[in-house]
Amino acid sequence: MEALLIIDVQNDFLSGGSLEIKHGDEVIPVINKLQEHFKLVVATQDWHPISHKSFASNHPGKEIYDTIDIKGLPQVLWPDHCVQASPGATLSEKLSQHRIEAIFRKGTNPDIDSYSAFFDNGHLKSTGLADYLRGRGVTCVYIVGLAGDFCVYYSAKDAIKEGFETFIIDDAVRSVFPDKFAAVAAEIIKEGGYVIQSNELLIVA
C-alpha cells in the first residue's frame, strides 16, 4: 500500500509565521488534491518545548542560522517555532485534515532536534512511524510539505533506510534555502529514492 506523508504544514512555517518558508503556503492546495488519491494519509508536527536547544534564543550571543555543536551533532539555530500547544504549532486551517489518520509529533526532547518524521537527529529515539506504516501494510511513501531541505529531506532519507519505496513530490515541497534543494533531490535519487511532480502521480492515479 502507498501512503502520503505530510511534513510539518504548521502555521509557524507559513506566511506570517516565526520561521516563514517563502511560498510555503503554495504547497497546501497541491497536498489537499493529492490526499484524495491515497488510502492512508499521515502527518507530522514539530512540537518543541520552549527550552529547545535548537532555538537561538536559548544560546546568548548566538544568531539565528548560526550552526553550533550539540552532543557531537551540528545544529542550526532557529527562531523559536512550533512551541508545544501554541498557535504556531497548529496545522494550517487551510490544510484538509479529514483524511489524516494519524499525526506524529517530533522534536519533543529539548536536548536534540528531530528533522526526520522517523527518528531524532541522533537516531537515538524512534517516533514509531515506521512500525505504524508497516503495521498498515505500507511499502511505499510519498512525502510532501515543509521544509524540503530539512524535514522532508531527512524524512525521505530515513524512509529509504527503513525499506520504503520513497518519493518526494517536488511541487508539494518548499525549502528554507531553495537553492539547496537541487542537491538534496540529487542525493535522495542517489540513495534510491525518487523526485516527481504531482501531475505524474495524479495521471497515474
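Given the structure is predicted, the values throughout are model-derived calculations rather than measurements.

### Thoughts on the packing of helix α3 (residues 151-161) against helix α4 (residues 181-190)
Inference 1: Between α3 and α4, the shortest axis-to-axis distance is 10 Å and the interhelical angle comes to 5°. One way to sum up the angle between α3 and α4 is to call them roughly parallel. Listed contacts from α4 to Tyr-153, Ala-156, Lys-157 and Ile-160 of α3 are Val-184, Glu-187 and Ile-188.
Inference 2: When its residues are assigned to classes, the contact of α3 with α4 shows 5 nonpolar, no polar and 2 charged.

### Overview of the pattern of salt bridges
Inference 1: The tally for this structure, following the rule as stated, stands at 9 salt bridges.
Inference 2: In this structure, Lys-106 and Asp-8 form a salt bridge, with 2.8 Å as the shortest nitrogen-oxygen distance. Linking Lys-106 in strand β5 (residues 100-106) with Asp-8 in the loop between β1 (2-7) and α1 (27-35), this pair joins segments that are 98 residues apart in sequence.
Inference 3: As a salt-bridge pair, Glu-36 and Arg-99 come within 3.8 Å of each other at their nearest N and O atoms. Placement of the pair is Glu-36 in the loop between α1 and β2 (40-46) and Arg-99 in the loop between β4 (73-76) and β5, with a sequence separation of 63 residues.
Inference 4: Look at Glu-36 and you get partly exposed, because its relative accessible area is 48%.
Inference 5: Three or more residues joined by partner-sharing salt bridges are found here, namely Asp-8, Asp-46 and Lys-106.

### Observations regarding the environment of Tyr-194
Inference 1: Summarising the element assignment, Tyr-194 is placed in strand β8 (residues 194-196).
Inference 2: In this structure Tyr-194 touches Glu-165, Thr-166, Phe-167, Ile-168 and Ile-188, once residues within four positions along its chain are discounted.

### Concerning the sheet that holds β8
Inference 1: Taken in spatial order, the 6 strands make up an open sheet running β5-β2-β1-β6-β7-β8, and their pairing is parallel. Both outer strands of the open sheet, β5 and β8, are each paired with one neighbouring strand and no more. Shown here is a sheet whose adjacent strand axes are inclined to one another by a mean of 25°, direction ignored.
Inference 2: Of the pairings in the sheet, the one linking β1 to β2 comprises 5 bridges and is parallel in character. By the bridge assignment, Ala-3 is partnered in β2 with Leu-40.

What counts as what
Residues numbered from 1 in each chain as written. Predicted model: local features only at pLDDT ≥ 70, side-chain atom pairs only at ≥ 80, totals over all residues. Heavy atoms only, no water. Axes fitted to C-alpha atoms, helices over the stretch in contact; angles between N-to-C directions. Helix = DSSP H or I, 4+ residues; strand = E, 2+ residues; numbered from the N terminus. Parallel < 35°, antiparallel > 145°, perpendicular 65-115°, else oblique. Contact = heavy atoms within 4.5 Å. Nonpolar A, V, L, I, M, F, W, Y, C, P; charged D, E, K, R; others polar. Salt bridge = Lys/Arg side-chain N within 4 Å of Asp/Glu carboxyl O. Buried < 20%, exposed > 50% of the residue type's maximum accessible area, 1.4 Å probe, protein only. Pairing = 2+ DSSP bridges.

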